[in-house]
Amino acid sequence: MNNYKQLNESTYDDLSNLFKMFADPTRVKILYNLVGKELCVNDLADLMGVTKSAISHQLKSLKLLNLVKYRRDGQNLYYTIADEHVEKILSTGLEHLFEEQ
């Protein structure tokens, strides 16, 4: 038996939506590329070989769930991972994948 208490439906929905953000390879690549770095849309697009529009669209979703944050410098927005929890989710997922191989 686990030590988790039952949650309300809204919290289950929120948790499910959080994990949905990690279900898209482009979003995962964006997050992975932002670990320990601050990058703008152009940098991410060049690094990943996708359009700026595609990056912007995914960043909007990531911002809505507080997975990334940004700072403005003139007309450019520079993105980073929102906090250590996001990095921990990525690293835990990778640990799980590599331990099974």
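Shown above is the structure to which this text applies.
Parameters at a glance
Residues numbered from 1 in each chain as written. Predicted model: local features only at pLDDT ≥ 70, side-chain atom pairs only at ≥ 80, totals over all residues. Heavy atoms only, no water. Core = buried A, V, L, I, M, F, W, Y, C linked by side-chain atoms within 4.5 Å. Buried < 20%, exposed > 50% of the residue type's maximum accessible area, 1.4 Å probe, protein only. Helix = DSSP H or I, 4+ residues; strand = E, 2+ residues; numbered from the N terminus. Contact = heavy atoms within 4.5 Å. Phe/Tyr/Trp six-rings, centres within 6.5 Å; stacked < 30°, edge-to-face > 60°. 1 Å grid on protein atoms, 1.4 Å probe; cavity = no way out; pocket = protein on both sides within 12 Å on 5 of 7 lines; lining within 4 Å. Points joined across faces, edges and corners; volume = space filled by probe spheres on them. Nonpolar A, V, L, I, M, F, W, Y, C, P; charged D, E, K, R; others polar. Pairing = 2+ DSSP bridges. Axes fitted to C-alpha atoms, helices over the stretch in contact; angles between N-to-C directions. Salt bridge = Lys/Arg side-chain N within 4 Å of Asp/Glu carboxyl O.

Student: Could you clarify how one ought to interpret the nonpolar core in this entry?
Tutor: Within soluble globular proteins, side chains that are nonpolar generally end up buried alongside one another. Counting residues in each nonpolar core, the largest one holds 19 residues, and the members touching the most others are Ile-30, Leu-31, Leu-34, Leu-44, Ile-55, Leu-59 and Leu-62. Secondary structure elements with two or more residues in this core: helix H2 (25-34), helix H3 (41-48), helix H4 (52-64), strand S3 (76-81) and helix H5 (84-99). What Ile-30 contacts, discounting residues up to four positions off in sequence, is Leu-44, Met-48, Ile-55, Gln-58, Leu-59 and Leu-62.

Student: Is there a simple way to explain the packing of aromatic side chains in this structure?
Tutor: Here a ring pair, both rings aromatic, is described through the centre-centre distance and the interplanar angle of the planes. Applying the stated criterion across every chain yields a total of one aromatic pair. Here the aromatic rings of Tyr-70 and Tyr-79 are separated by 5.8 Å at their centres, their planes lie at 45°, and the arrangement is tilted. On the basis of relative accessibility, which here comes to 43%, the residue Tyr-70 falls in the partly exposed class.

Student: Please explain the layout of surface pockets as it appears in this structure.
Tutor: Of the volumes computed, that of the largest pocket is approximately 240 Å³. Listing elements by their share of the lining of the largest pocket, those giving two or more residues are H2 and H5. The leading source of residues in the lining of the largest pocket is H5, at six residues. Taken together, the residues of the lining of the largest pocket sort by class into seven nonpolar, two polar and two charged.

Student: I'm lost on the sheet that holds strand S1 (residues 39-40) in this one. Help?
Tutor: Two pairing modes exist for strands in a sheet, parallel and antiparallel, and in both the strands are linked by backbone hydrogen bonds. Taken in spatial order, the three strands line up as S1-S3-S2 in an open sheet, and their pairing is antiparallel. What marks the edges here is a single partner per strand, and that holds for S1 and strand S2 (68-73). The sheet contact formed by S1 and S3 spans two bridges and is antiparallel. Within S3, the residue paired with Cys-40 across the bridge is Tyr-78. Running over the sheet, H4 touches S2 and S3 and is turned about 115° from S2.

Student: Just checking my understanding: could you explain the pattern of salt bridges for this structure?
Tutor: Oppositely charged side chains may form a pair once their charged atoms are brought near each other. In the structure shown here, the tally under the stated rule is one salt bridge. We note a salt bridge from Glu-38 to Arg-71, for which the minimum N-O separation is 2.8 Å. Placement of Glu-38 in the loop between H2 and S1 and of Arg-71 in strand S2 is noted, with a sequence separation of 33 residues between them. Since its relative accessible area comes to 35%, Glu-38 is described here as partly exposed.

Student: Teacher, can you tell me more about the pairing of S3 here?
Tutor: The side chains of a regular strand alternate, residue by residue, between the two faces of the sheet. Here six bridges tie S2 to S3, and the two strands are oriented antiparallel to one another. What sits directly across from Val-68, in S3, is Ile-81. Connecting S2 to the next strand, S3, in antiparallel fashion are two residues, including Gly-74 with a positive phi near 65°.

Student: It is not clear to me how the side chain of Gln-58 should be interpreted in this structure. Could you clarify?
Tutor: Note that Gln-58 resides in helix H4. We classify Gln-58 as buried; its relative accessible area is 11%. Setting aside anything within four residues of it in sequence, one finds Gln-58 in contact with Asp-24, Thr-26, Arg-27 and Ile-30.

These results come straight from atomic positions and should not be treated as a statement about function.
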